[in-house]
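An overview of the molecular structure
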Amino acid sequence: MEITILSPGIYTYGAMLIGGVLRDAGHRVTLTRTPAAPGDSVLLMSLFSTQHLLDPAIRDLIRAHRERGGTVYVGGPVSAAPEMVLGELAPDAVVVGEGEETVVRLVEEGVSPGLLGIAYLDAGRPVVTPPAPPAPIDRPLPLIPDDIGSQSIRGASAYIETHRGCIGGCTFCQVPRFFGRAVRSRPLENIIEEVKAFAAHGATRLSVSGGTGSLYGSTNGEMNPDAFIALLRSMAEVMGPRNVSSPDIRVDCITDEVLDAIRRYTIGWVFFGIESGSDRVLRMMGKGATVRQVEEAVERCREHDLRVAGSFIVGYPGETERDYEATKDLIAALSLDDVFVSSAEPIPGTPLADLAARTPRDKNPAFIPHTGEYRPLGLTESEARYFDLMMHADLFRPQLRLVTDEIYNTYLAEARKQGQDIRAATELILRYAQP
Ligand code: SF4
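Note that this is a predicted model, so its numbers are computed, not measured.

Once that is clear, we can look at the packing of aromatic side chains. Within this structure, the stated rule accounts for five aromatic pairs. With centroids separated by 6.0 Å and ring planes inclined at 25 degrees, the aromatic side chains of Trp269 and Phe271 adopt a geometry described as stacked. We classify Trp269 as buried; its relative accessible area is 16%. Residue classification places Phe271 among the buried residues on the basis of a relative accessible area of 12%. With a centroid separation of 5.2 Å and 75 degrees between ring planes, the pair formed by Tyr374 and Phe387 is classed as edge-to-face. Of this pair, Tyr374 sits in the loop between helix H12 (351-358) and helix H13 (381-395) while Phe387 sits in helix H13, placing them 13 residues apart in sequence. Tyr374 sits in the buried class, given a relative accessible area of 12%. Put simply, the rings of Trp269, Phe271 and Phe340 pair up and form one aromatic cluster. Looking at Arg154, its charged tip hangs above the ring of Phe340, at a distance of 5.1 Å from the centre. Directly above the ring of Phe367 sits Arg361, whose terminal nitrogen or CZ lies 4.9 Å from the centroid.

Below you can see the structure in the form of structure tokens.
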């Protein structure tokens, strides 16, 4: 069968993986990043953002393909809210959750009530079949496009999935809801075979994904530093240490040996999801870490000669001005090498989405008009905090970065875009919330 997989904007690992599964099942698969008419083939949309559900180009493509008699299936992280996907995009079916096995049967046999892990409309009413069991963690090689080397996601051509699941329970994160809280790690040889295939296709740098890198090989919540170190060493043997990165590590999942291995076998950066400088907000987020642990982890990284980046979330419902000031203080004290800020985005299926739906607009920073120093810019409170924090972080980098007009305008535009996206996502969640 001819199958086109569309992964809008970037080749995600998930789209490449599904492409490999379908290729090995004997289908002719094309993977594309650009919404375009897929001819006579089955169209598989791999969607990873709530915004995809609202994207007119995606909606039009699905409608046009179905009107021509084509078949459209949707999978990926958006499948955490299958009724929403059906309601907004009206595909033939949604592959719910881990779809590696389900998708093959779906394209070969079509929609049926007996197929586990799908959702579809029956006379306009959504039907969601019981969940499929988790997919095997051992899998075929992904379908790697020849232009993978042209892709740069935070500097990496691709993020290799080394394991699934996370021991954490952060309220804003989809990982533990989608993959569970037990960590399932892939065999090392399987991963390295894949790394070699990416290198052969021109990937310039590979990164470790899977939520929290250093949990690779862990069992029952117990870290297995040796497994993670062997992973980095083996990846570096193929790619060279300057072409491996291992972002997204929990502050409570580091050891001296792990940090040493990151310095020896990777580009030498550690990325922490710090989120807030307020213990109260960290508790609300279910982060399972304290500000003190963050400070100690950053200090320890510096002792190992590592550069440290941190990501922060502003505008979490319930975050007060005082909490926000604590985040600014923490950024000033840590002097991080790089800072990523995002406004709290309610992803359907997460506790944060439920919270956003329950929070009245006049109490939700994503909707409250900002009345402080940025008032003339017409921002909401979370937009103003994003904008302010980005500029604040630039003042406290080890190398001072001047905020030029261009940088100012970029931050402002991004603040507004995130604000708009979050309000649109919140409206969508409210539309499909159970009464
Ligand atoms: S630690 Fe990271 S991957 Fe795990 S739940 Fe929290 S944000 Fe998600």
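Structure shown, so let's carry the discussion forward.
With 15 residues, H13 should cover 21 Å at 1.5 Å per step; its first-to-last C-alpha distance of 21 Å lies within 8% of that length. With respect to burial, H13 is a largely interior element, 14 of its 15 residues being buried.

Another aspect to go through is the pattern of salt bridges. Across all of its chains, the model carries 33 salt bridges by this definition. The shortest N-O distance in the salt bridge between Glu88 and Arg431 comes to 3.0 Å. On the criterion of sequence distance, the pair formed by Glu88 in helix H3 (residues 82-89) and Arg431 in helix H14 (residues 405-432) is long-range, its members being 343 residues apart. Asp337 is paired through a salt bridge with Arg307; the nearest N and O atoms lie 3.8 Å apart. Residue Asp337 is located in the loop between helix H11 (321-334) and strand S15 (338-343), and its partner Arg307 is located in strand S14 (residues 307-314); the two are separated by 30 residues in the primary sequence. Given the relative accessible area of 16%, Asp337 is considered buried. The class of Arg307 is partly exposed, set by a relative accessible area of 38%. Because the salt bridges share partners, they merge into one network encompassing Glu98, Glu100, Arg139, Glu161, Arg164 and Arg184.

Another aspect to go through is the pairing of strand S13 (residues 269-275). Most of S13 is tucked away: six of the seven residues are buried. Taken together, the six bridges between S13 and S14 define a ladder with parallel strand orientation. When the bridges of S14 are listed, Val270 appears paired with Val308.

Basis of the calculations
- Residues numbered from 1 in each chain as written.
- Predicted model: local features only at pLDDT ≥ 70, side-chain atom pairs only at ≥ 80, totals over all residues.
- Heavy atoms only, no water.
- Phe/Tyr/Trp six-rings, centres within 6.5 Å; stacked < 30°, edge-to-face > 60°.
- Buried < 20%, exposed > 50% of the residue type's maximum accessible area, 1.4 Å probe, protein only.
- Helix = DSSP H or I, 4+ residues; strand = E, 2+ residues; numbered from the N terminus.
- Lys NZ or Arg CZ within 6 Å of the ring centre and 35° of its normal.
- Expected span 1.5 Å × (residues − 1).
- Salt bridge = Lys/Arg side-chain N within 4 Å of Asp/Glu carboxyl O.
- Pairing = 2+ DSSP bridges.

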